[in-house]
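Commentary on secondary and tertiary structure
For reference, the chains in residue letters:
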Amino acid sequence: MIVFDVMFIFLIFYLFLYCIYQLFFFIKAASIEKHFEMIEKTRSVVLEKRKLCVIIYATNKDKNLDNLLNVLNQQSYPKEFYEVHVAYQKDENDTSFARDFALGARIHNIQNPDYFSKDKAINLLLHKMIPESKYDAYVFLGANRMVGEKYLENIDIIL
């Protein structure tokens with residue numbers, strides 16, 4: 001009988017400690033919503049905006065380039081903190097008018113046959129931009145991509 005009495009006392013003591021333990025986590029969980037709200041508010045506040053350079057490689061076959069440039073031109077990120085540059089590969093027999101600027105982007109027309117690959121064209125463009133060193137980060141996009149209006153803002157937060 002004494003064994004059962006001792007086991008019963010231990011069971012009551014265990015249940016008492018378990019209830020205190022659960023009560024502690026219940027109280028902590030009640031204030032966690034305020035904590036997440038504070039983190040969400042402070043997460044989007046960036047004290048110093050970075051200067052971003054968006055580089056897009058495109059050819060005359062890319063039909064989505066103007067749509068992408070339009071979306072990049074309407075970003076929620078301040079326009080003075082980013083620039084858009086397009087490495088545009090023209091064909092040798094292309095007689096269309098060469099644009100220098102389009103929808104807020106600087107177009108770099110590449111007609112040299114040595115730079116007809118994507119890697120070589122972007123490498124050439126970067127070698128022209130890096131000595132200036134006025135950018136904090138480079139963002140590379142393909143002309144077939146579409147991004148949201150907060151794309152550059154999210155990039156800045158991640159950096």
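Attention in this report is confined to the structure presented alongside it. (Residues numbered from 1 in each chain as written. Predicted model: local features only at pLDDT ≥ 70, side-chain atom pairs only at ≥ 80, totals over all residues. Heavy atoms only, no water.)

Here the focus is the pairing of strand S1 (residues 52-59). Counting buried positions over the eight residues of S1 gives eight, a clear majority of the element. Neither face of S1 is left uncovered, since the one carrying Leu52, Val54, Ile56 and Ala58 and the one carrying Cys53, Ile55, Tyr57 and Thr59 both have all their residues buried. Summarising the sheet, S1 and strand S2 (residues 82-89) pair through eight bridges and their orientation is parallel. Bridging from a neighbouring strand, Tyr57 pairs with Ala87 of S2. Viewed along the sheet, the connection from S1 through helix H3 (residues 65-73) into S2 turns out right-handed. (Buried < 20%, exposed > 50% of the residue type's maximum accessible area, 1.4 Å probe, protein only. Helix = DSSP H or I, 4+ residues; strand = E, 2+ residues; numbered from the N terminus. Pairing = 2+ DSSP bridges. Right-handed = clockwise from strand over helix to strand, strands pointing away.)

In this structure, Val54, Ile56, Leu65, Leu72, Val84, Val86 and Leu141 are the most contacted members of the largest nonpolar core, which totals 23 residues. The biggest single contributor to this core is H3, with five residues. Setting aside anything within four residues of it in sequence, one finds Val86 in contact with Ile56, Ala58, Leu65, Leu69, Ala105, Arg106, Ile107 and His108. (Core = buried A, V, L, I, M, F, W, Y, C linked by side-chain atoms within 4.5 Å. Contact = heavy atoms within 4.5 Å.)

The next thing to look at is the pattern of salt bridges. Enumeration according to the criterion identifies three salt bridges in this entry. One salt bridge in this structure joins Arg50 and Asp156, with 3.2 Å as the shortest N-O distance. One end of the pair, Arg50, is in the loop between helix H2 (32-43) and S1; the other, Asp156, is in helix H5 (residues 151-158), and 106 residues separate them in sequence. Between Glu83 and Lys134 there is a salt bridge, with its nearest N and O atoms 3.6 Å apart. (Salt bridge = Lys/Arg side-chain N within 4 Å of Asp/Glu carboxyl O.)

This next bit is on a nonpolar patch on the surface. A contiguous nonpolar surface patch, about 1,100 Å² in accessible area, is contributed by Phe8, Ile9, Leu11, Ile12, Tyr14, Leu15, Tyr18, Tyr21, Phe24 and Phe25. On the secondary structure map, Phe24 appears in helix H1 (residues 2-30). Overall, the relative accessible area of 48% leaves Phe24 in the partly exposed class. (Patch = residues over 30% accessible without salt bridge, like charges linked within 9 Å, V, L, I, M, F, W, Y side chains within 5 Å. Areas by Shrake-Rupley, 256 points an atom, 1.4 Å probe, with all protein chains shown as cover.)

Assignment of secondary structure puts Met129 in helix H4 (residues 118-129). Given the relative accessible area of 4%, Met129 is considered buried. Remark: the alpha-carbon pair of Met129 and Cys53, spanning 76 residues in sequence, is separated by 9.5 Å. Setting aside its immediate chain neighbours within four residues, Met129 contacts Cys53, Ile55, His85, His108, Tyr135 and Tyr138.

Count 3.6 residues to each turn of an α-helix, and residues three or four apart come out pointing the same way. Regarding H3, the residues found buried are Leu65, Leu68, Leu69, Val71 and Leu72. Buried residues along H3 cover an arc of 160 degrees about the axis, so they all sit on one side. (Arc of directions from axis to C-beta.)

Turning our attention to the packing of aromatic side chains. For the coordinates displayed, the defined rule picks out five aromatic pairs. For the pair Phe24 and Phe25, a centre-to-centre distance of 5.4 Å together with 75 degrees between the ring planes defines the contact as edge-to-face. Judged by centre distance (6.2 Å) and plane angle (45 degrees), the ring pair of Tyr77 and Tyr82 falls under tilted. The residues Tyr77 and Tyr82 share a single accessibility class, namely buried. Among the aromatic residues, those joined into a ring-pair cluster are Tyr21, Phe24 and Phe25. (Phe/Tyr/Trp six-rings, centres within 6.5 Å; stacked < 30°, edge-to-face > 60°.)

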